[in-house]
Every structure is written in structure tokens, then in C-alpha cells.
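The primary structure of each chain is shown beneath.
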Amino acid sequence: SATGKRDVLAQASKQGVLYLLDRDTGKPVFPIEEVPVPASNIPGEKAYPTQPRVTLPEPFSRQTFSADDLSDINPEAHAYVKKQFEDTEEFAYMRPPGQKKSVLFPGFYGGANWGGGAFDPQSNLYYINAIEAPHIVQIQAVEVDKGSTHGRGELIFRQQCSGCHGLEMQGFYPYAPALTGIAKRSSKRDAMAVIRAGKGRMMPFPQLARHDLEALVDYVFAFDANELDTGGNGETETAYVFAGYNDFVDQRFSPAVKPPWGTLTAINLATGKRVWQIPLGEYEQLSKEGVPITGTRNFGGPVVTAGGLLIIAATSDEKLRVFDKHSGELLWQYTLPAAGYATPATYSVDGRQFIVVTCSGGKLGTPTGDS
């Protein structure tokens, strides 16, 4: 256009890349390649042979994972994660989960998360915070006895529920609660209502027929009470099930990759190039041990101001931070009453500027709050 400006749409992804599209046509502003990816090794599954890969803007999270990327914060952590890594397939872009363990990186958290980014029209800079915490993924083949009383319910549970709640109903913190002890806190009727309607992070399952829903709930309650019917006619069915959200971590639950584990990045949308990237957040215990600042897992995005500030909370160290938007220099930080897992807003009243952020905490092992 005459002004040199262009209407674009920017979508940050959990892959750690930014999709930049022409807002009128949907066409990529920079080339997006179509690249070959590994096939699925699950019987009956056919993964598409290629997937798109962004060339620019430059990624804001690492896109590969090898033995050289394993955590080196101390020898004990390195040995602990190296042993796990040796049991996985070679890392590949967009590898479908298979019957052998593989590393998902960036992990289920991202890259980017739901907090999104912030754009500064003065400088063309886009700001995005990210997590770099790998997971280990696997699909497991489970034999289910269709002839037992609880066989149908077990099959449905393993196909629909165990990916979040675990094959042994142990749950996967912080994604899904354990179902152990469910009979003490819920009736079968209430459990069926939750499955139908969903609750919190859990999606609804309206597609389940009434008899399947009853079979599922009967299985869960019988499993919890150790009253499963194990007898059947020997007729089995193989269920290929997601083995759960297994964090790839060291013995103290720190991510298995070399830091940084949380970042804040500035990207020039006109050139597609990163301008700066810094670790976001601090684990105080690791700093005391002499580990350089690693960044933390983080939830909630940034806000940028015309006055030159970039404001963000998000980190599990419960801080609110203000940076110079041009350089990434830390200007100010403040300890919140609970972690601010939310995107801040800023406004003024009678010429005085305020920042507001929800301090709910409650994720990543931090205390909850309501400030």
C-alpha cells in the first residue's frame, strides 16, 4: 500500500513458531514449506506424509531435540534424563506418537500457550512468551477381554479416558485428576453427568450411548473398589491408547532439556527475524545452587505500551515484571500475592497509569489466590 503497511494475521502456536498470514487472502507472508514426516506405526492409522513448516518468522522455541540438548544443570540431573532419553526413538519433526516412546518438543504446554502475544505498531515488534519443557509420548496396545462383565467399559475407558486419567487411574498432574477414591466423592449418577457435560478442562462426551456410558462408569467404580470381573470367554480386542501426558523431567521435576525453560522473545514482523530473547522467570533454589537463570514454565501473555514498556506476569515464581520493549532489559519486578497466570491490562484514571492482573495461582504447584 501507499503507507508501506500490510494487514496481517499472526497466530502463535504450541510448536514455538508464528504463522503470519495476509489478512485478506490467508496466504503466508513468508514461505511455509511442505516437508516429509515419519509415518505412523499404529495398525490401521495412516498419518499424512507431509506437514507444513514455517520458514519465517524465526521460531521462538527450539525445534529439534538430541542427546546434546539434555539438561546439564548438574551431573545428577543429566544422568537421570539421559537414561530416559536412551529409551526413545530418534527425534523427528511432527513424528506421530507410536508404540515406541518418543520425545515431544516443545511439549504439550508449548511453545506458546493460551496467553498469546502482544504487537507494537510503532516498531513492528511482536512479543511472545513461551515454555520449553519436553514430554515423552507413546501409544500402548492394550488387550481387553470383551467377554467379561466390565470388558466393554474397560475398552471405552482405555480409548476415551486413560490418556488423561491414566491406565491405572492415577491421573496426570496438572492435566487431570486421579480417579482413585471416586466412590467416596461421587455417585455413579453424578459421574455420568460430568462425563456427559464435561467439567473444567474435561471435554463433554455427548456421543456416548447410554449403555456405553453406564458400562464406563461401572468399570471405573469397580476398578476403584477392586471388584473387577476378570472372567471372560477369552475373546479379546486390542485398544491402541494414548499413554498419557508424561513430563520428561529430572528427579526434581525440572525439564529434561538444557535451559532456558521459559522465554520472552521479540520478533520483527517486517523481517521475520528475532530481535531479542531472554529467560523469563527464575527458580530461586537453582539460582542458590549456582545455576544461571533458567526461566520457568509460564501461563499468561504480555501487554505492550506506547510508552516503551512490556508488562508480563505468567511465571511460577509469582513475579510481575516490566521490561524495556526495545531491548528486553528488566526495569522493575514485584512479588504478587499469588502467581499471575493471566495477561495483564493497563489503563489510566485522571492521568495516573495502573496495571491489573489476575493472581489466581494454582498451577505448577503454586498456591492458589483470588487477588
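Draft legend 1. Examining the sheet that holds strand β6 (residues 118-120) more closely. Overall, antiparallel pairing links the 4 strands, which are arranged β6-β7-β12-β13 in an open sheet. Each end of this open sheet is capped by a strand with a single partner; those strands are β6 and β13 (273-279). On average, each strand axis in the sheet is inclined to that of its neighbour by 20°, with strand direction left out of account. Bridge count for strand β12 (residues 262-268) against β13 is 6 bridges, and the pairing is antiparallel. Residue pairing across strands places Thr263 opposite Pro279, the latter belonging to β13.

Draft legend 2. Molecular detail of the pattern of salt bridges. Within this structure, the stated rule accounts for 16 salt bridges. Residues Glu86 and Lys82 are paired through a salt bridge, measuring 2.7 Å at the closest nitrogen-oxygen approach. Taking relative accessible area as the criterion, Glu86 reaches 53% and is therefore assigned exposed. Between Lys325 and Asp120 there is a salt bridge; the shortest N-O distance is 3.0 Å.

Draft legend 3. Up close: the pairing of strand β19 (residues 352-356). Across 5 bridges, the pairing between strand β18 (residues 345-349) and β19 is antiparallel. Bridge pairing in β19 places Val349 opposite Arg352. Once β18 ends, the chain turns through 2 residues before running back antiparallel as β19, passing Asp350 with a positive phi of about 50°.

Draft legend 4. Region of interest: the sheet that holds strand β14 (residues 303-304). In space, the 4 strands of this open sheet follow the order β14-β15-β16-β17, with antiparallel pairing throughout. Each edge of the sheet is formed by a strand with only one pairing partner; in this case those strands are β14 and β17 (330-335). Sheet analysis places strand β16 (residues 319-324) next to β17, joined by 5 bridges and oriented antiparallel. In the strand pairing of β17, Phe323 is matched with Leu330.

Draft legend 5. Local environment of unusual backbone geometry. Cis geometry is adopted by the peptide bond preceding Pro57, which originates at Leu56 and carries an omega value of -5°. The linkage connecting Phe105 with the following residue, Pro106, adopts the cis geometry, with an omega of -5°. Within the chain, Phe253 stands out as a residue other than glycine whose phi angle is a positive 70°. Structurally, the position occupied by Phe253 is in the loop between β11 (246-247) and β12.

Draft legend 6. Here's a closer look at a nonpolar patch on the surface. Taken together, the side chains of Leu331, Trp332 and Tyr334 present a nonpolar region at the surface, about 320 Å² in accessible area. By secondary structure assignment, the location of Leu331 is in strand β17.

Draft legend 7. The arrangement of the nonpolar core in detail. Counting residues in each nonpolar core, the largest one holds 17 residues, and the members touching the most others are Phe157, Ile195, Leu208, Leu216 and Val220. Elements supplying a minimum of two residues to this core: α2 (151-160), α5 (188-197) and α6 (210-224). Excluding residues that lie within four positions of it along the chain, Phe157 makes contacts with Ser162, His165, Gly166, Leu167, Met169, Leu179, Leu216, Tyr219 and Val220.

Scoring rules and cut-offs
Residues numbered from 1 in each chain as written. Predicted model: local features only at pLDDT ≥ 70, side-chain atom pairs only at ≥ 80, totals over all residues. Heavy atoms only, no water. Pairing = 2+ DSSP bridges. Helix = DSSP H or I, 4+ residues; strand = E, 2+ residues; numbered from the N terminus. Axes fitted to C-alpha atoms, helices over the stretch in contact; angles between N-to-C directions. Salt bridge = Lys/Arg side-chain N within 4 Å of Asp/Glu carboxyl O. Buried < 20%, exposed > 50% of the residue type's maximum accessible area, 1.4 Å probe, protein only. Patch = residues over 30% accessible without salt bridge, like charges linked within 9 Å, V, L, I, M, F, W, Y side chains within 5 Å. Areas by Shrake-Rupley, 256 points an atom, 1.4 Å probe, with all protein chains shown as cover. Core = buried A, V, L, I, M, F, W, Y, C linked by side-chain atoms within 4.5 Å. Contact = heavy atoms within 4.5 Å.

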